[in-house]
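Residue-level structural notes
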Amino acid sequence: MKKSDLWKRMEMLNRRPLQDAPERRRHPNAPQGRKRAAEPDSYHLPTGMVAESEEGETAYLIEADAAELDASLANLARDYEASGAARAALRQRGVRREDALNVMFMDIETTGLSNRPLFLIGAMVWRDGRFSIRQYFARHYGEERAVLSLYIEALRSASGIVTFNGASFDAPFIRKRCERHGLPAPPPVPNLDMLHVCRRVWGSLLPNCKLVTLEERVCGRKRRGDIPGSLIPAAYQNYVQTGETHEMAAAVKHNALDLAAMADLMVRLPVQVGDGSSSRRRRPRAYSRRR
């Protein structure tokens, strides 16, 4: 690798002090950090910037539009805005109908189970007719605290969260890591766990209710080049030790697709799911593509 290429890569990831390091900005104010051009292939982390928490700690912030992840997601934000099914499901969890567009979709990536460090929190929100994804990424273990702080700051303005197995895993995991770092717990907000909803609606029609299965059989979308979730902890450890970004780039996209899949499943729910009914289950629509 040429020296200039190495310099640019290290400058983007800010893995050690450089004279031309990315500018910092406070979150969630208007971006002031310098964005760098995207690499021509998928072997590098997406272009991002350094984000600074209220306590002055930094992590890497990656921003994206959900519609750019896959062609089938082009109309996802529009469909969600018009979805009575999504509002009904949220209302069952205590989110008012008028606040349905103000929830946050959340998913985490960790280095293991049982209170091991996390390194990525993905957050997706509906804003001005689009789904905006923000991923708070720890470039090394020392940035976990900043990742947690930045997420908590963003959550303050949300009326609820949507997760997949988040009631049992993601939310408790975040609380434990906050305790570990002496941070206040995230504000208590309603949590719509889509795993339980999908089990009730499609559980008897599918071989399992894993998110990738639901995405393929219900949404009609199959991921290509995806990294299995079971390999992500080892991929992060390798990234920290070697700086190799190939698997990490795949893990970041995996997290973003998980967020989009939750919203996609919500708009495909039968409206009656909002009253807790499971008597009229909707057959997966894998055979009908999105409008």
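Residues numbered from 1 in each chain as written. Predicted model: local features only at pLDDT ≥ 70, side-chain atom pairs only at ≥ 80, totals over all residues. Heavy atoms only, no water.

**Quick notes on the overall build of the protein chain**
Within the protein chain one finds nine helices and eight strands. Counting every position in the protein chain, which comprises 291 residues, the buried fraction comes to 53%. In the protein chain, 70% of the contacts between residues at least 6 apart in sequence involve partners at least 24 apart. (Helix = DSSP H or I, 4+ residues; strand = E, 2+ residues; numbered from the N terminus. Buried < 20%, exposed > 50% of the residue type's maximum accessible area, 1.4 Å probe, protein only. Contact = heavy atoms within 4.5 Å.)

**Quick word on the pattern of salt bridges**
Under the counting rule described, the total for this entry stands at 17 salt bridges. Here Asp79 makes a salt bridge to Arg78, at a shortest N to O gap of 3.2 Å. The closest approach of N and O atoms between Glu144 and Arg177, which form a salt bridge, is 2.7 Å. With a gap of 33 residues between them, Glu144 in helix α4 (residues 144–155) and Arg177 in helix α5 (residues 166–181) connect regions that are remote in the sequence. For the pair shown, Glu144 and Arg177 are each scored as buried. Here the salt bridges do not stand alone but share partners, grouping Glu215, Arg221, Arg223, Asp226, Asp258, Asp264 and Arg268 into one network. (Salt bridge = Lys/Arg side-chain N within 4 Å of Asp/Glu carboxyl O.)

**Thoughts on the pairing of strand β4 (residues 104–110)**
Along a regular strand, successive side chains alternate from one face of the sheet to the other. The buried fraction of β4 is high, at seven of seven residues. A two-sided burial pattern is seen for β4, the buried positions comprising Met104, Met106, Ile108 and Thr110 on one face and Phe105, Asp107 and Glu109 on the other. The pairing of β4 with strand β5 (residues 118–127) spans seven bridges and is classified as antiparallel. If you follow Phe105 over to β5, its bridge partner there is Met124. (Pairing = 2+ DSSP bridges.)

**Observations regarding the environment of Tyr136**
Tracing the sequence through the fold places Tyr136 in strand β6 (residues 130–137). Tyr136 sits in the buried class, given a relative accessible area of 1%. Sequence separation between Tyr136 and Ala123 is 13 residues, and the spatial gap between their C-alpha atoms is 8.1 Å.

**Considerations on the packing of helix α6 (residues 194–202) against helix α9 (residues 246–267)**
Orientation of α6 relative to α9, taken along the N-to-C sense of each, is 40°, at an axis distance of 11 Å. Judged by the angle between their axes, α6 and α9 are oblique. The way α6 lies across α9 gives a crossing that is left-handed. Residues Met194, Cys198 and Trp202 of α6 form the contact with α9, whose participating residues are Met262, Leu265 and Met266. Per-class residue counts for the contact of α6 with α9 are six nonpolar, no polar and no charged. (Axes fitted to C-alpha atoms, helices over the stretch in contact; angles between N-to-C directions. Parallel < 35°, antiparallel > 145°, perpendicular 65-115°, else oblique. Left-handed = near helix turned anticlockwise from the far one by under 90°. Nonpolar A, V, L, I, M, F, W, Y, C, P; charged D, E, K, R; others polar.)

**Overview of the nonpolar core**
If you look at the biggest cluster of nonpolar residues, it comprises 44 residues, and the most contacted ones within it are Tyr80, Phe105, Phe131 and Met194. When contributions to this core are tallied by element, the ones reaching two or more residues are α2 (76–82), α3 (84–92), β5, β6, α6, α7 (211–217) and α9. It is α9 that provides the largest number of residues to this core, a total of 10 residues. Every residue in contact with Tyr80, bar those within four places of it in the chain, is listed here: Ala86, Arg87, Leu90, Ala100, Leu101, Val103, Phe105, Trp126, Phe131, Met266 and Val267. Membership of the second largest hydrophobic core comes to 41 residues, among which are Leu120, Val125, Ala138 and Ile227. (Core = buried A, V, L, I, M, F, W, Y, C linked by side-chain atoms within 4.5 Å.)

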